[in-house]
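# Structure assessment
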Amino acid sequence: MRQTLSFIPTLRETPADAEVKSHQLLLRAGFIRQNTSGIYSFLPLGKRVLHKVEKIIREEMEAINSVEVFMPALQQAELWQETGRWYSYGDELMRLKDRNDREFALGATHEEIITSLLRDEIKSYKKLPLTLYQIQSKFRDEKRPRFGLLRGREFLMKDAYSFHATPESLDKTYDDMMQAYSNIFRRLGLNFRAVIADSGAIGGKDNHEFMVLSEIGEDTIAYSDNSPYAANIEMAAVQLDYPKSSEPANPVEKVATPDQKTISQVAEFLETTPENCIKTLVFKADDELIVVLSRGDHEVNDVKVKHISGAKLIDMATPEDVRELLSCDIGSIGPVNLPAGVRVFADNAVKSIVNGVTGANEDGVHFKNVTPGEDFTVEAYGDLRFVKEGDPSPDGNGTIQFAKGIEVGHIFKLGTTYSEPMKATFLNDQGKAMPYIMGCYGIGVSRIVAAVAEQFQDDSGFTWPNAVAPYEIHVVPVNVKDDVQRETGEEIYEQLKAQGFEVLLDDRKERAGVKFADADLIGLPLRITVGKRAAEGILEVKIRETNETVEWHKDEVQDKVREFFKK
Ligand code: 9G3
């Protein structure tokens, strides 16, 4: 393609409101433009990257017999009312009305649509399993769109849905998707981990997120430095045997702790340590107040509390809730003498505490010498704390390290979460109507463009990997007013195109400095500069990834380029 005929509006300056490198470069190199908050246009170079990402995804979906469909973005409200999500989702779900005042959602995801499509068509186990996918814009009215394509309000997603007669069949497709996703992210050159994740509000059990490691990632992952173990920070398990101290349990003592609110204040005031304190928190589990205990130096993990309590929704209790339940403020609560019927859960570390310190459920008063089992009982102990760096990996191999990650994929075992309420059933081999067993599998396609852009750049601009570069070769005649340079550039451009390479020709009447800066910014893998020495047939070639420059004679260009791309 000739640059004079394309549309690549590069910018010299870094746009002020772009906070991360990928967003800055995608704007400066003319790959995207923002229409309004969280909504972008892909310009020619950005669109070509998108196209290549999609191509890799389609190949890997095809390889596991996932068949492409295309579903509507306009989704009738009735379907979302069948699953109740019309009511459970708030402002994030974009809604509109048609000319007859009928209500619609703009597609944030497609479980309802695809389940309603199949329930009218697939009535027998003989037609299962079936895996369908689409690549389509999704609409989610994010409160704080940020980082360009990384968190937008209209974005491109590959969403796949699988339908099964048995759980084993779902397990097989889930494993196929795990492998297909790993292939996709590896082919994109991304540094990623598949992490154990929490299914959040959409139910189902098993699920994994695919995280690209990046310090601007919004998620924290806990991974082992000596095994494939990796989990979202909320799901990372803690497998530790806490040594129980051998000191005898002394009788409980009430002590005044005026104005001592936090664990560290109380510990210091009573000349003990946070490890010897029993931190007491009150949660609202659905609409019941429960008490959760942890060692003073640990943080309670609300997702784990949700799981142990069996609650659907979990939230911290408000100070008013606490005062109503325990008639004291949050800084003085403890597990001793709780009102009857209050459920108490404790992290495993609490069990080993002897003669600990905790609130006395009186403002400004604490207890010393509190020992679990002696002075209070719990309904259940469990792994309720956040994992910490340095904890042993739950699989026994290595220690846990933290990293920030960008979520680029998320796969779920849904079970009958959607088919049940939507009465989407098939006749099983006993002739009995059963709800489909489902899985769903997402990849953030436009988010991947930003994730690749984050990982492949240097101070001068992008260093696109061959697999997703907008073009493979950049032919740059330095001075198009010089006949030899211009004609040699044209000749090489036509030759390489004829050989099937994707070539961008910088045929603009711009100064050399502008051309080189733009070529570095756009970041194609191979740049062939046609300068003064073209008269002797010598071309200067730059390998963008390493910035290494070599000289090729123009007669050897075809072979050298084929060798570079190993075609
Ligand atoms: C909504 C809105 C936002 C949402 C959802 C629904 C996330 C929603 C979870 C999923 C699960 C999977 C199929 C592809 C892979 C992900 N945010 N989720 O369901 F209405 Cl506004 O989307 N869906």
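Our structure's up above, just so we're on the same page.
Below, the structure is looked at part by part. (Residues numbered from 1 in each chain as written. Predicted model: local features only at pLDDT ≥ 70, side-chain atom pairs only at ≥ 80, totals over all residues. Heavy atoms only, no water.)

With that settled, consider the side chain of glutamate 454. Along the chain, glutamate 454 turns up in helix H10 (residues 445-455). Lysine 21 provides the closest opposite charge to the buried, unpaired glutamate 454, separated from it by 8.6 Å. (Helix = DSSP H or I, 4+ residues; strand = E, 2+ residues; numbered from the N terminus. Buried < 20%, exposed > 50% of the residue type's maximum accessible area, 1.4 Å probe, protein only. Lys, Arg positive; Asp, Glu negative; His and termini not counted. Salt bridge = Lys/Arg side-chain N within 4 Å of Asp/Glu carboxyl O.)

By nearness alone, 17 residues border the ligand, and Trp80, Arg85, Thr109, Glu111 and Arg140 come closest of all. With respect to the ligand, the side chain of glutamate 111 contributes an N or O atom lying 2.7 Å from a nitrogen atom. The separation between an oxygen atom of the ligand and a polar side-chain atom of arginine 140 is 2.9 Å. Alone, the ligand offers 510 Å² of accessible surface; in the complex the protein occludes 90% of this. Of all elements in the fold, only strand E8 (154-164) and strand E24 (437-444) reach the threshold of two or more residues within the shell around the ligand. In terms of residue class, the shell around the ligand is made up of ten nonpolar, two polar and five charged. (Near = heavy atom within 4 Å. Polar contact = N/O pair within 3.5 Å; in protein donor to acceptor, adjacent residues only side chain to side chain. Areas by Shrake-Rupley, 256 points an atom, 1.4 Å probe, with all protein chains shown as cover. Nonpolar A, V, L, I, M, F, W, Y, C, P; charged D, E, K, R; others polar.)

Within the open sheet, the three strands sit side by side as E13-E19-E18. Their pairing is antiparallel. Pairing within the sheet leaves two strands with one partner each, and these edge strands are strand E13 (253-256) and strand E18 (356-362). Strand-to-strand, the axes of this sheet are offset by a mean angle of 35°, without reference to chain direction. Examined bridge by bridge, E18 and strand E19 (residues 365-370) share four bridges and lie antiparallel to one another. Looking at the pairing, threonine 358 lines up with phenylalanine 367 of E19. (Pairing = 2+ DSSP bridges. Axes fitted to C-alpha atoms, helices over the stretch in contact; angles between N-to-C directions.)

What follows is about the environment of serine 224. Turning to its location among the elements, serine 224 is positioned in strand E11 (residues 219-224). Residue class for serine 224 comes out buried when judged on its relative accessible area of 4%. Spatially, the C-alpha atoms of serine 224 and glutamine 81 are 43 Å apart, while their sequence positions differ by 143 residues. From its side chain, serine 224 meets the backbone nitrogen of serine 227 in a polar contact 3.2 Å long.

A separate point is the pairing of E24. Among the eight residues of E24, eight are classified as buried, and the element is accordingly described as predominantly covered. Residue alternation in E24 divides its side chains into two sets, Ile437, Gly439, Tyr441 and Ile443 and Met438, Cys440, Gly442 and Gly444, and both sets are buried. In the sheet, E8 pairs with E24 via eight bridges, with the strands oriented antiparallel. Opposite aspartate 159, over in E24, you have glycine 442 as the bridge partner. Inspection of the sheet shows strand E21 (residues 400-415) paired to E24 by six bridges, in the antiparallel sense. Residue phenylalanine 412 lies in a different strand from E24, and its bridge partner there is cysteine 440.

These figures capture arrangement, not role.
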